[in-house]
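Close look at the chain arrangement
Below are the chains, spelled out letter by letter.
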Amino acid sequence: MQDLEPNRDISVDADPQRVLITGGAGFIGSHLSELLLDRGHHVTVVDNFSTGLRSNPGRVRSVAARHPRYQVIEGGVSEVLPTLDPARFDCVYHLAAAVGVRLVVEKPIHTIETNIEETSVVLRFAAARSLPILVASTSEVYGKGVRVPMREDDDVVYGATSYSRWCYACSKAIDEYLALAYHRESALPAVIVRFFNTVGPRQIGEYGMVLPRFVRAAMAGEDLEVHGDGRQSRCFCDVRDVVRALPMLLGNPACAGGVFNLGRDEIISIRELAELVVSTLGSRSRIRMVPYEKAFAAGFDDLAVRQPDLTRIRGAIGFAPTIPLVQTIRDLAAELVEREGEVADMVAHEASNAAPASVRGSR
Ligand SMILES: NC(=O)c1ccc[n+]([C@@H]2O[C@H](COP(=O)([O-])OP(=O)(O)OC[C@H]3O[C@@H](n4cnc5c(N)ncnc54)[C@H](O)[C@@H]3O)[C@@H](O)[C@H]2O)c1
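Note that this is a predicted model, so its numbers are computed, not measured.

Okay, the site of the ligand next. Around the ligand, the surrounding shell holds 27 residues, and the nearest of these are Gly23, Gly26, Thr51, Gly52 and Ala97. For the shell around the ligand, the secondary structure elements donating two or more residues are helix H1 (27–38), strand S2 (42–47), helix H5 (108–128) and strand S5 (133–138). At three residues, the largest contribution of residues to the shell around the ligand is made by H1.

Here it is, written out as structure tokens:
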């Protein structure tokens, strides 16, 4: 990585900043890398490729001008960060996590350890130089969501600890407590973002994400499996809208110490989503309803509605998504064709290390 003078004003794109992204080879991280490189910044990614596609850094590098400002270090956060000097960075985006409904239910130890221990390492790293840090959290933190739309200060309600699904929500909630504690005790400029369902090109369905599963089935002419009565509803926001918000949140000093919902607030039921995928892609696939008891392994609990209240993020940065869901579906379908073989290989490798289970969700 090229040595630059420190640039502590990360709210402007005029001067190049030196950005560290953990999990930067993943779905959201690769889009964020691309955006920051296109704005002239230097990006260092730390990623162990546990769920990030190996082809993602290649896609990010696709423009020659990005290449010299982009570095990917392969490895786990807690192995790599002790070898890096925090003084060589201006800010940090912490996106690395154990992600996806299937992974979380099948591998709770991995989920809890990754999400809590790795976040602790990253926060200590940022605190050593008081680097502004954005910590990725999730709408799952709301748990069973006693109120809709969900507001950042709402109470959270989780299921019993015997339902391993809730370990993801609890581990991300601990990350939030930890980041907020660093902000209060050490004045660390930390901002927490609760992503709601983020969708778009490069997302993979193998770990339980609903839209890539539907798109792949529709393209293959297979049935789209909708669980329960299909009336459970979600809000889907394109990843390219989502990543535009992240530098605005991290670059605004007034956002430090804050928790922000990020997503779209238009609701769509999972049945309607399946219908939209079929009609948008002109597919002949049928929609098949699968009762929850058949679709989910023991230890899974689905939510009826998940919708963000976006008042806070609109007030802070004027966030307004622009990309319609049909456009996202088309772009995801076009890109899925290119990487079909790679995803199949990755999942086969993963399956050899995991107990088989049939767990899917409405994420
Ligand atoms: N996509 C969504 O809808 C969504 C919703 C809520 C929250 N989030 C959060 O956003 C963040 C990014 O998610 P994503 O959708 O891009 O998922 P992703 O799986 O594509 O990205 C996560 C990346 O982290 C990497 N990683 C995992 N453990 C690591 C470790 N110990 N060290 C280094 N790298 C590691 C993975 O290889 C992957 O590239 C996560 O923190 C996730 O919890 C995403």
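Bringing the environment of serine 285 into the picture now. With respect to the helices and strands, serine 285 occurs in the loop between helix H9 (270–280) and strand S13 (287–290). Considered as a pair, serine 285 and aspartate 223 are 62 residues apart in the sequence and their alpha carbons are 5.3 Å apart. Ignoring any residue separated from it by four or fewer positions in sequence, one finds serine 285 in contact with Ala217, Ala218, Gly221, Glu222, Asp223, Leu224 and Val278.

So, about the pairing of strand S1 (residues 18–22). Burial analysis of S1 places five of its five residues in the buried class, the great majority of the element. Neither face of S1 is exposed, since Arg18, Leu20 and Thr22 on one face and Val19 and Ile21 on the opposite face are all buried. As paired strands, S1 and S2 are joined by five bridges and run parallel to one another. Bridge assignment links valine 19 to a residue of S2, and that residue is valine 43.

With that out of the way, let us pick up the sheet that holds strand S11 (residues 259–262). Reading across from one edge, S3-S2-S1-S4-S5-S6-S11 is the order of the seven strands in this open sheet, with parallel pairing throughout. At either margin of the open sheet sits one strand with a lone partner, and together these are strand S3 (70–74) and S11. The average angle at which neighbouring strand axes cross in this sheet is 20 degrees, direction not considered. In terms of strand pairing, strand S4 (residues 91–94) meets S5 through three bridges, oriented parallel. Bridging from a neighbouring strand, valine 92 pairs with isoleucine 133 of S5.

Here we take up the packing of helix H7 (residues 210–220) against H9. Working note: a packed helix pair is described by the angle between its axes plus the distance between those axes. Running from N to C, H7 and H9 cross one another at 40 degrees; their axes reach a closest spacing of 9 Å. When the axis of H7 is compared with that of H9, the two are oblique. The element H7 and its partner H9 pack so that their crossing is right-handed. From H7, Val210, Phe214, Val215 and Ala218 reach across to H9, where they touch Ile270, Leu273, Ala274, Val277 and Val278. Taken together, the residues of the contact of H7 with H9 break down into nine nonpolar, no polar and no charged.

Conventions we followed
Residues numbered from 1 in each chain as written. Predicted model: local features only at pLDDT ≥ 70, side-chain atom pairs only at ≥ 80, totals over all residues. Near = placed C-beta within 6 Å. Helix = DSSP H or I, 4+ residues; strand = E, 2+ residues; numbered from the N terminus. Contact = placed C-beta atoms within 7 Å. Buried ≥ 20, exposed ≤ 12 C-beta atoms within 10 Å, placed from the backbone. Pairing = 2+ DSSP bridges. Axes fitted to C-alpha atoms, helices over the stretch in contact; angles between N-to-C directions. Parallel < 35°, antiparallel > 145°, perpendicular 65-115°, else oblique. Left-handed = near helix turned anticlockwise from the far one by under 90°. Nonpolar A, V, L, I, M, F, W, Y, C, P; charged D, E, K, R; others polar.

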